[in-house]
Amino acid sequence: MHVLVAGGAGYIGSVLTPMLLKEGHSVTVLDRFYFGPTLSVAEREYGTKLRLVKGYIRSFSPSVLSGVEAVIDVSGISNDPACDLEADLTKSVNIDGGKRLAVLAREAGVRRYVYSSSCSVYGHGEGLGLVETSNRHPVSLYARAKVEVEDFVKKLAIDSRGEFESCAVRLATVFGLSPRMRFDLAINVMTKNAYVGRRIMVDGGGRQWRPFVHVQDVARAFIAAITAPSEKVTGEVFNVGSDGSNVQILNLAFRVRDAIPGTEVVHALTDPDLRDYNVNFEKIRRVLGYETTVTIDDGIREVLAALHDGRLDPDERRWYTLRQYLFLREAERALSELAVDGRLLSSPLS
Ligand SMILES: NC(=O)c1ccc[n+]([C@@H]2O[C@H](COP(=O)([O-])OP(=O)(O)OC[C@H]3O[C@@H](n4cnc5c(N)ncnc54)[C@H](O)[C@@H]3O)[C@@H](O)[C@H]2O)c1
């Protein structure tokens with residue numbers, strides 16, 4: 001199958017793209033590559049089976065979709081603080097961009113479409129074991145954008161009477177290694193902080209629930225969603241994770257502490273975290289036969305080993321989403337204010 005992965009160079013995308021290629025699919029990645037050339041290994045290995053398109057989901061040419069049979073959207077500004085930086089930009093990318101991609105895909109005759117939503121749509125969850133039909137109470141712009149686009153994508157499936165086989169997957173918080181690492185996700189950051197400073201800060205009280213899922217298992221869920229029979233996925237929403245991976249944040253900190261002797265767990269003086277959701281994952285198991293394969297403890301060990309072996313630089317700016325977006329904003333400002341002939345420091349003669 002020819003699959004377009006929007007955001008295919010990101011944390012999830014740069015694990016998903018090689019997995020699709022390995023399974024024999026051709027892949028077009030549409031990405032702005034804000035976190036660098038994270039697909040360079042896959043490029044070398046798979047040659048023309050992988051096409052990279054550097055562009056914006058808000059303005060890319062519809063011709064990019066020519067010949068594409070399935071689209072997976074894992075693009076956008078990917079956490080609460082980065083989304084709060086510029087609300088208008090976030091709405092334009094995460095809402096307008098997400099809708100535009102789905103509309104253009106349908107117009108181009110793409111049949112299968114999978115949108116990456118988030119379990120954060122449950123926000124301040126009502127009770128434990130939230131299912132796909134439970135009420136959503138998003139508490140951030142990031143999560144409200146997810147609600148809007150997942151509803152939009154569902155409506156496209158209904159309006160097209162099943163011709164456009166679109167669905168949404170609500171991902172638990174992801175963990176594990178990726179070529180575009182993220183040290184702003186709970187398990188990854190706690191492991192990094194314990195390794196580097198022997199200290200884990202717990203925000204928001206620590207009693208709040210979160211479900212977790214490994215990045216390789218997320219990639220497998222997307223592949224399950226593009227290859228399942230139409231009647232199982234069209235117009236559907238699936239929580240992606242496993243029931244046993246729901247953990248209260250303080251307990252998560254204790255698990256990371258136990259993996260790294262000498263680590264202390266400290267409560268940060270913050271307001272209670274309004275995001276508190278414990279999620280049920282029975283539907284994806286029953287309908288798609290999907291089970292996760294990597295445990296939280298495996299993920300902690302994996303990140304720890306990469307830090308220990310020097311394969312992962314804990315200080316790399318690009319592994320911190322907010323820091324990288326702040327840097328790009330500052331760079332853009334400096335260029336517009338100071339550049340001569342597009343240059344800041346060097347001159348054509350230097
Ligand atoms: N990682 C998680 O825990 C998690 C959980 C739930 C949902 N999600 C969702 O999954 C998706 C992928 O998350 P991720 O962790 O890989 O994030 P990420 O930030 O690593 O990846 C997002 C990718 O989108 C690209 N991008 C940003 N703006 C763009 C634009 N205007 N045009 C084209 N490309 C653009 C970035 O360059 C990046 O490669 C996001 O939509 C995120 O909200 C992630």
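Our subject is the structure that appears above.
Residues numbered from 1 in each chain as written. Predicted model: local features only at pLDDT ≥ 70, side-chain atom pairs only at ≥ 80, totals over all residues.

## So, the packing of helix H4 (residues 87-107) against helix H5 (residues 141-159)
The condition that has to hold: Angular values range over 0 to 180 degrees, each being the angle between N-to-C directions of two axes fitted as lines to C-alpha atoms, with helices fitted over their stretch in contact. Each helix corresponds to a stretch of at least 4 residues labelled H or I by DSSP, and each strand to a stretch of at least 2 residues labelled E; elements are numbered beginning at the N terminus. Reported orientations rely on four angle classes, namely roughly parallel under 35 degrees, roughly antiparallel over 145, roughly perpendicular from 65 to 115, and oblique for the rest. Here is the rule for handedness: rotate from the far helix to the near one, and if that takes an anticlockwise turn smaller than a right angle the crossing is left-handed, while a clockwise turn gives right-handed. Residues are defined as contacting one another if the C-beta atoms placed from their backbone atoms lie within 7 Å. Gly counts as polar in this scheme, as do all residues outside two lists: the nonpolar Ala, Val, Leu, Ile, Met, Phe, Trp, Tyr, Cys and Pro, and the charged Asp, Glu, Lys and Arg.
Remark: H4 packs on H5, axes separated minimally by 10 Å, with the N-to-C direction vectors making an angle of 15°. The orientation of H4 with respect to H5, classified from their angle, is roughly parallel. Read as a crossing pair, H4 and H5 show a hand that is right-handed. Contacts between H4 and H5 pair Ala87, Thr90, Lys91, Asn94, Ile95, Gly98, Lys99, Ala102 and Arg106 from the former with Leu141, Ala145, Glu148, Val149, Phe152, Val153 and Leu156 from the latter. In the contact of H4 with H5, the residues fall into 9 nonpolar, 3 polar and 4 charged.

## A few points about helix H1 (residues 13-22)
For clarity, the cut-off: The exposure label follows from counting other C-beta atoms within 10 Å of a residue's C-beta, where the C-beta atoms are placed from the backbone and the thresholds are 20 or more for buried and 12 or fewer for exposed, leaving partly exposed in between.
Burial of H1 is extensive: 7 of the 10 residues sit out of reach of the surface. Among the residues of H1, Gly13, Ser14, Val15, Leu16, Thr17, Pro18 and Leu20 are the ones counted as buried. Elements that come into contact with the buried residues of H1 comprise strand E1 (2-6), strand E2 (26-31), helix H2 (40-46), strand E4 (70-73) and helix H7 (215-227). Once H1 ends, the next one or two residues include glycine 24, with phi positive near 100°.

## Concerning the sheet that holds strand E9 (residues 209-214)
Under the convention used in this document: Each pair of strands is called paired provided DSSP finds at least two bridges between the two strands.
Overall, mixed pairing links the 3 strands, which are arranged E7-E9-E11 in an open sheet. Each edge of the open sheet is held by one strand with a lone partner, namely strand E7 (173-175) and strand E11 (246-248). With strand direction ignored, the average angle separating the axes of adjacent strands in the sheet is 45°. In terms of strand pairing, E9 meets E11 through 3 bridges, oriented antiparallel. For arginine 210, the partnering residue across the bridge sits in E11 and is valine 247. Contacting E9 and E11, helix H9 (residues 249-259) runs over the sheet at an angle of about 90° to E11.

## Observations regarding the site of the ligand
Our working definition: A residue counts as near a molecule or strand when its C-beta atom, positioned from the backbone, falls within 6 Å of it.
Lining the immediate surroundings of the ligand are 30 residues, of which Gly7, Gly10, Tyr11, Ser78 and Ser118 lie closest. Elements represented by at least two residues in the shell around the ligand include exactly H4, strand E5 (112-118) and E7. Considered class by class, the residues forming the shell around the ligand number 14 nonpolar, 11 polar and 5 charged.

## Quick notes on the nonpolar core
So the rule is basically this: Throughout this description, the term nonpolar core refers to a group of buried Ala, Val, Leu, Ile, Met, Phe, Trp, Tyr and Cys residues whose C-beta atoms join them within 7 Å.
Val71, Ile72, Val218, Phe222 and Ala225 are the most contacted members of the largest nonpolar core, which has 94 residues in total. Here this core gets 9 residues from one element, more than from any other, and that element is H7. Leaving out residues up to four positions away in the same chain, alanine 225 has contacts with Val114, Cys167, Val169 and Val233.

## Description of the packing of H9 against helix H11 (residues 296-308)
Where H9 meets H11, the closest approach of the two axes is 10 Å, and the angle between their N-to-C directions is 50°. By the angle between their directions, the pair H9 and H11 is classed as oblique. Viewed along their axes, H9 and H11 form a crossing whose handedness is right-handed. Facing Arg255, Val256 and Ala259 of H9, the residues of H11 in contact are Ile296, Asp297, Ile300, Arg301 and Leu304. Here the contact of H9 with H11 is built from residues that sort into 5 nonpolar, no polar and 3 charged.

## Remarks on the pairing of E5
This is how it is decided: Think of it like this: strands point away, you trace from the first strand over the helix to the second, and a clockwise trace means the crossover is right-handed.
Counting buried positions over the 7 residues of E5 gives 7, a clear majority of the element. Burial along E5 is two-sided: Arg112, Val114, Ser116 and Ser118 and Tyr113, Tyr115 and Ser117, pointing in opposite directions, are all buried. As judged from the 4 bridges shared by E4 and E5, these two strands associate in the parallel manner. Its bridge partner lying in E5, alanine 70 is registered against arginine 112. Note: E5 against strand E6 (residues 165-171), 7 bridges, orientation parallel. Within the sheet, the bridge partner assigned to tyrosine 115 lies in E6 and is alanine 168. Taking the sense of rotation as the criterion, the β-α-β connection linking E5, H5 and E6 turns out right-handed.

## Some words on the sheet that holds strand E3 (residues 50-54)
Within a sheet, each strand pairs with its neighbour through backbone hydrogen bonds, oriented either parallel or antiparallel. The parallel open sheet is built from 7 strands, whose spatial order is E3-E2-E1-E4-E5-E6-E10. Strands with a single pairing partner mark the edges of an open sheet, and in this sheet they are E3 and strand E10 (237-240). Pairwise comparison of adjacent strand axes, ignoring direction, gives a mean angle of 20° for this sheet. Relative to E3, E2 runs parallel, the two being bridged by 5 bridges. What sits directly across from leucine 30, in E3, is valine 53. The strands that H4 touches are E1, E4, E5 and E6; relative to E4, the one it contacts most, it runs at about 175°.

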